Amino acid sequence: LFDFKIILGKNGVPVAENFRLEQSTIADTVQAGQVRVRTLYLSVDPYMRCRMNEDTGSDYLQPWQLSEVADGGGVGVVEESKHDNLAEGDFVTSFTWPWQTAAILDGSSLQKLVPQLVNGRLSYFLGAAGITGLTALLGVREKGHVAVGADQTMVVSGAAGACGSLAGQIGRLEGCSRVVGIAGTDEKCSILVQEMGFDAAINYKKGNVAEQLRELCPGGVDVYFDNVGGDISDTVISQMNQNSHIILCGQISQYNKDVPYPPPLPPDTEKIRKERNITRERFLVLNYMDKQEASILQLCQWIQEGKLKVRETMVEGLANIGAAFQSMMSGGNIGKQIVLVSK
C-alpha cells in the first residue's frame with residue numbers, strides 16, 4: 001500500500017516539497033459495514049489549494065492535516081465487502097477518498113456507480129458526471145438566468161479547465177446564443193472552438209483581452225462563468241450588460257494568496273457591478289444537493305448523446321499526484337485532471 005501525505009503551506013505556489021509518498025499497511029480484516037477497495041482514479045482540483053491552508057476560508061472544507069493522508073474525489077473497485085449494499089466487483093466513489101492505492105472504508109460513505117451511464121468511462125464520475133459537471137450545470141441553471149430565445153452572450157474564464165469546458169457547452173445547451181471562452185494557450189482556444197462548440201476563444205496571454213472581448217461580444221456580456229477572478233474578471237465585468245449575471249464558480253488566480261473567499265472586487269469594478277445591477281453571489285454546489293440525482297442523469301444523457309464533449313488530462317501513478325496537482329494549478333491540464341492509480 002502506498003499513500004500520499006501533505007506538508008502544508010499558506011501563501012505561495014504548491015511545490016514538490018509539499019507532498020510525500022510513503023509505504024504503509026492497512027488492516028488485514030474488514031469489519032462489519034466496511035469494504036476493502038482498490039483505488040482506480042483520483043481527482044485533483046483547484047479547491048484543494050484552500051485545503052493546504054490551516055484555515056480553508058470555508059465552513060464545508062476541512063484543511064488537510066500535516067503528515068496525514070490527503071483525500072479528495074476518488075473512484076475504486078470493491079475487493080472485499082462486509083456491507084449489505086456493496087458486493088465484490090462494485091465500482092464506488094467518494095468525495096473524501098484517501099490518496100492511497102488501497103483502503104478499508106465505511107461502506108455507507110460510498111456511492112455505487114453505474115458504468116453504463118458514462119459509456120464505461122469511470123473517471124467521468126470525477127468530472128463531467130460528478131461534482132465538476134454538477135457545478136457547471138447547477139451554476140448555469142441557478143445563477144446564470146439563461147433563457148432560451150433571450151439572445152444571451154456567455155463568457156467563460158478558465159474555459160479549458162474541468163469546469164469551464166463543460167460550463168460553456170452547457171450554456172449553449174441551456175439556450176445561450178453566443179459562448180466565448182478565455183484560456184491561456186492557442187491549443188486550448190483551438191480545442192474550445194473546434195471540439196467543444198464555443199463560438200470563439202481568447203488567449204489572454206496574447207493581445208489585448210478587452211479589445212478582443214469587445215470584438216467578439218459586440219452586444220456586451222449577459223452571463224459570465226467566472227473560474228479565475230483577478231484582472232481577467234475585472235476586464236469581463238467592465239463589458240457586462242445591465243442586469244447581467246456572474247456565476248462565481250472559482251477564483252484560481254487568488255488561491256495562492258491569503259485572502260478571503262470570494263475576494264472583494266477592486267473599487268472601480270465594484271462600482272460598475274452596482275451601477276449595472278450585476279449579480280455576483282457565492283455559488284456552492286453543495287447547497288443544491290436535492291437536485292443532484294436529476295442533474296447527474298441529465299449530464300450522463302448529454303454525454304451518451306455526444307452533446308457534451310469531455311476532455312481529460314490523465315497522469316499515471318499515485319507517485320505523480322503531487323506533480324499533477326502543481327500542473328493543474330498552473331494551467332497544465334486541458335479538461336479534468338485525473339490520476340490513474342491502477343487499472
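Below is a summary of the structure that appears in this document. These numbers come from a predicted model, not from an experiment. (Residues numbered from 1 in each chain as written. Predicted model: local features only at pLDDT ≥ 70, side-chain atom pairs only at ≥ 80, totals over all residues. Heavy atoms only, no water.)

1. Description of the sheet that holds strand E11 (residues 221–226)
One key point about sheets: their strands pair by backbone hydrogen bonds, in either a parallel or an antiparallel sense. Note the cut-off: Strands are treated as partners if at least two bridges between them are detected by DSSP. Helix and strand labels come from DSSP, where a helix needs a run of H or I of at least four residues and a strand needs a run of E of at least two; each type is numbered from the N terminus. Here an angle of 0 to 180 degrees is reported between the N-to-C directions of two axes, which are lines fitted to C-alpha atoms, with helices fitted over the stretch in contact. By definition, residues are in contact when any of their heavy atoms lie within 4.5 Å.
On the basis of which strands lie adjacent, the open sheet formed by six strands has the order E10-E9-E8-E11-E12-E13 and parallel pairing. One side of each edge strand has no neighbouring strand; the edge strands of this open sheet are strand E10 (200–203) and strand E13 (279–282). Each strand of the sheet is rotated relative to its neighbour by a mean of 20°, with strand direction disregarded. Strand contacts of helix H2 (residues 162–174): strand E8 (153–157), strand E9 (178–183) and E11, with the helix running at about 175° to E8, the strand carrying the most contacts. Packing against the sheet, helix H5 (residues 230–237) makes contact with E8, E9, E11 and strand E12 (240–248), and its axis sits at approximately 165° to E11.

2. Considerations on helix H8 (residues 321–329)
Where we set the bar: Three exposure classes are used, based on accessible area relative to the maximum for each residue type with a 1.4 Å probe and protein chains only: buried under 20%, partly exposed in between, and exposed over 50%. Think of the arc as the fan of directions from the helix axis to the C-beta atoms.
The complete set of buried residues in H8 reads Ile321, Gly322, Ala324, Phe325, Met328 and Met329. Down the axis of H8, the sector holding all buried residues measures 160°, keeping them to one side. Two residues or fewer past H8, Gly331 is found with a positive phi of approximately 80°.

3. Topic: the pattern of salt bridges
Here is the rule: Here, a salt bridge means any side-chain nitrogen of Lys or Arg that lies within 4 Å of a carboxyl oxygen of Asp or Glu.
Tallied over the full model, the rule gives 16 salt bridges. Across the pair Arg36 and Glu79 runs a salt bridge whose closest N-O atoms are separated by 3.3 Å. One end of the pair, Arg36, is in strand E3 (residues 34–43); the other, Glu79, is in strand E4 (residues 71–81), and 43 residues separate them in sequence. The class of Arg36 is partly exposed, set by a relative accessible area of 26%. Among the salt bridges present, the one from Lys271 reaches Glu275, with a minimum N-O distance of 3.2 Å. Placement of both Lys271 and Glu275 in helix H6 (residues 267–275) is noted, with a separation of four residues, approximately one turn of the helix. The pair Lys271 / Glu275 is uniform in exposure class, with both members exposed. One network of salt bridges, with partners in common, ties together Arg36, Arg38, Glu79 and Glu80.

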